[in-house]
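Notes for the structure review
Residue strings, one per chain:
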Amino acid sequence: MTNQPSTDIYALADALVRSIQGMGDENDQALIQEWLAADKDHERIYAALMEHKGSSDVLEKLKAVDTERALQRFHRRRVVEEKQRKWVRIAVAAAILAIAGLFIIPIVQPRKKVNGELAQQDVRSGDIAPASDKAVLVLAGGKKIALDERGDTAFAYGNLLISQQNGRLDLKERQADEIVQQQLITPNAGKYSVVLSDGTTVWLNAASKLIFPNRFSDRARVVELEGEGYFAVKKDAGRPFTVIVNGGSRVEVLGTVFNIKSYDSNKVRTTLLEGSVKVSKDGQSKLLRPGEMADVKAGSIRTGKGDIPAATAWRNDKFMFHNMPIEEVLEELGRWYDVQLHYAADYRQQQQLYNGEISRSVTCDKLLAMLELTGVGRFKLQGRTLYITPMEKL
């Protein structure tokens, strides 16, 4: 019984990385060939790694890798209670992905055992593209206007001048009118941004909704959010800016940059990048400073150090997971690729927490192939439904 990968595994991982980098020698090739000849499953792992070799993004990451330090870091973080011979295949694949910084590495809780092996790579059918710039603008009278990445246009509707370009919506009134509410809604596999009447910009992630007025009053600026939004609020000391989240908690600011994630109605996370915000719920309130976050959950507000890179990764078209359960990882993928998740009855909740990052521009099929290499489960994509089953028992 061991709780760490062997030195041979790390030597193999190092050899594979050097080979991909174009710096491998005869000893590296001999080690790789010996490993490939040992088991047919190793050929599938190797093929999956080589499939992404030609990607310029992957090559740039690999060229910048300090393999010795990365292996040491991975050695400290990967804790698995399992017989070595049962997980050599996945350990090698996971080590390579960890070194290259390409995807998710499970961080296993103490005293929890991980079982499973690399799933077959031919179980999926079809492929799904990542999200794109698309949304629906709902005007005060109920009129719906579809917005998409091909709609770089400007037009008038009643008193409004509407322009959309590169996934950004800009609304202007031709003359002052009564204050009415409008909605910007992004579906699954959609994202969009809008410039509000005061110059504030709001970016919406997939499956989100922003309710906002055609213009703000002279005393306050109030919008409502469901889902996830990134706010760059225009400074206006005389008119505080308030975000009402899921009809409950409130985030109040004057001028600042922050992210709000509220897909789960029972948990709202606000992460502050610049300025200051006050988070309130049921008579409680907390003041945040840059770099801090607040979780509103079960009627209480908990504050602490924020994970800004993870909270804002979606704005940079990346998935970034830090100590995240696999169920939450898959929920994010479901929203981004617009797929419904279906867990097999014998799929048990995973005890691992996952760390890693990858571009959100990859197709669903390629991302699932890399995710399977972590041993988390097997995936079968049929239409817009993703079936998740446990790995075959060893």
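The structure this text deals with has already been given above.
Residues numbered from 1 in each chain as written. Predicted model: local features only at pLDDT ≥ 70, side-chain atom pairs only at ≥ 80, totals over all residues. Heavy atoms only, no water.

Observations regarding the pairing of strand β13 (residues 249-253)
Burial along β13 is one-sided: Ser-249, Val-251 and Val-253 are buried, and none of Arg-250 and Glu-252, which face the opposite way, are. The antiparallel hairpin formed by strand β12 (residues 241-245) and β13 contains three residues in its connecting segment, where Asn-246 sits at a positive phi of about 50 degrees. Strand direction decides the pairing type here: β13 and strand β16 (residues 277-281), joined by three bridges, are antiparallel. Bridge pairing in β16 links Arg-250 to Ser-280. (Buried < 20%, exposed > 50% of the residue type's maximum accessible area, 1.4 Å probe, protein only. Helix = DSSP H or I, 4+ residues; strand = E, 2+ residues; numbered from the N terminus. Pairing = 2+ DSSP bridges.)

Details of the packing of aromatic side chains
Inspection of every chain in the model, using the stated rule, returns eight aromatic pairs. With a centroid separation of 6.0 Å and 65 degrees between ring planes, the pair formed by Phe-216 and Phe-241 is classed as edge-to-face. Taken together, the residues Phe-216 in the loop between β10 (208-213) and β11 (221-232) and Phe-241 in strand β12 connect sequence positions 25 residues apart. Since its relative accessible area comes to 6%, Phe-216 is described here as buried. The buried category is assigned to Phe-241, whose relative accessible area is 0%. Look at Tyr-343 and Tyr-347: their rings are 5.5 Å apart centre to centre, the planes differ by 40 degrees, and that puts the pair in the tilted class. Overall, the relative accessible area of 29% leaves Tyr-343 in the partly exposed class. Its relative accessible area of 10% is what places Tyr-347 among the buried residues. (Phe/Tyr/Trp six-rings, centres within 6.5 Å; stacked < 30°, edge-to-face > 60°.)

Focus on helix α8 (residues 326-337)
In a regular helix each residue adds 1.5 Å, so twelve residues correspond to 16 Å; α8 covers 16 Å between its end C-alpha atoms and thus fits that length. Across the twelve residues that make up α8, a large majority, ten, are buried. Immediately downstream of α8, the backbone of Asp-338 shows phi near 60 degrees, a positive value. (Expected span 1.5 Å × (residues − 1).)

Describing unusual backbone geometry
Despite not being glycine, Asp-282 shows a phi value in the positive range, around 50 degrees. Turning to its location among the elements, Asp-282 is positioned in the loop between β16 and β17 (284-288). With phi around 50 degrees, Asn-323 is a residue other than glycine that occupies positive phi space. Residue class for Asn-323 comes out partly exposed when judged on its relative accessible area of 49%.

Brief notes about the pattern of salt bridges
With the rule as written, the count across this model stands at eight salt bridges. Between Arg-221 and Asp-198 there is a salt bridge, with the nearest N and O atoms lying 2.5 Å from each other. With Arg-221 in strand β11 and Asp-198 in the loop between β8 (190-195) and β9 (201-204), the pair connects residues that are 23 residues apart, well separated along the chain. The exposure class of Arg-221 is buried, given its relative accessible area of 0%. Two residues, Glu-357 and Lys-318, come together in a salt bridge whose shortest N-O distance is 3.4 Å. In this pair, Glu-357 sits in strand β22 (residues 352-359) while Lys-318 sits in strand β20 (residues 318-325), placing the two residues 39 residues apart along the sequence. On the basis of relative accessible area, Glu-357 is assigned to the partly exposed category, the value being 24%. Beyond isolated ion pairs, a larger network of salt bridges with shared partners links Arg-269, Asp-295 and Arg-302. (Salt bridge = Lys/Arg side-chain N within 4 Å of Asp/Glu carboxyl O.)

Things to note about the pairing of β11
With four bridges joining them, β9 and β11 adopt antiparallel strand pairing. Paired with Trp-203 across the bridge in β11 is Tyr-230. Inspection of the sheet shows β10 paired to β11 by three bridges, in the antiparallel sense. Bridging across to β11, Ile-211 finds its partner in Glu-224. As judged from the five bridges shared by β11 and β12, these two strands associate in the parallel manner. Bridge pairing in β12 links Val-222 to Thr-242.

Considerations on the side chain of Ser-193
Here Ser-193 is to be found in strand β8. For Ser-193, a relative accessible area of 5% puts it in the buried group.

Quick notes on the packing of α8 against helix α9 (residues 364-372)
Where α8 meets α9, the closest approach of the two axes is 12 Å, and the angle between their N-to-C directions is 170 degrees. When the axis of α8 is compared with that of α9, the two are roughly antiparallel. For the pair formed by α8 and α9, the contact residues are Ile-326, Leu-330, Leu-333 and Tyr-337 on the first element and Cys-364, Leu-367 and Leu-371 on the second. For the contact of α8 with α9, the residue count by class is seven nonpolar, no polar and no charged. (Axes fitted to C-alpha atoms, helices over the stretch in contact; angles between N-to-C directions. Parallel < 35°, antiparallel > 145°, perpendicular 65-115°, else oblique. Contact = heavy atoms within 4.5 Å. Nonpolar A, V, L, I, M, F, W, Y, C, P; charged D, E, K, R; others polar.)

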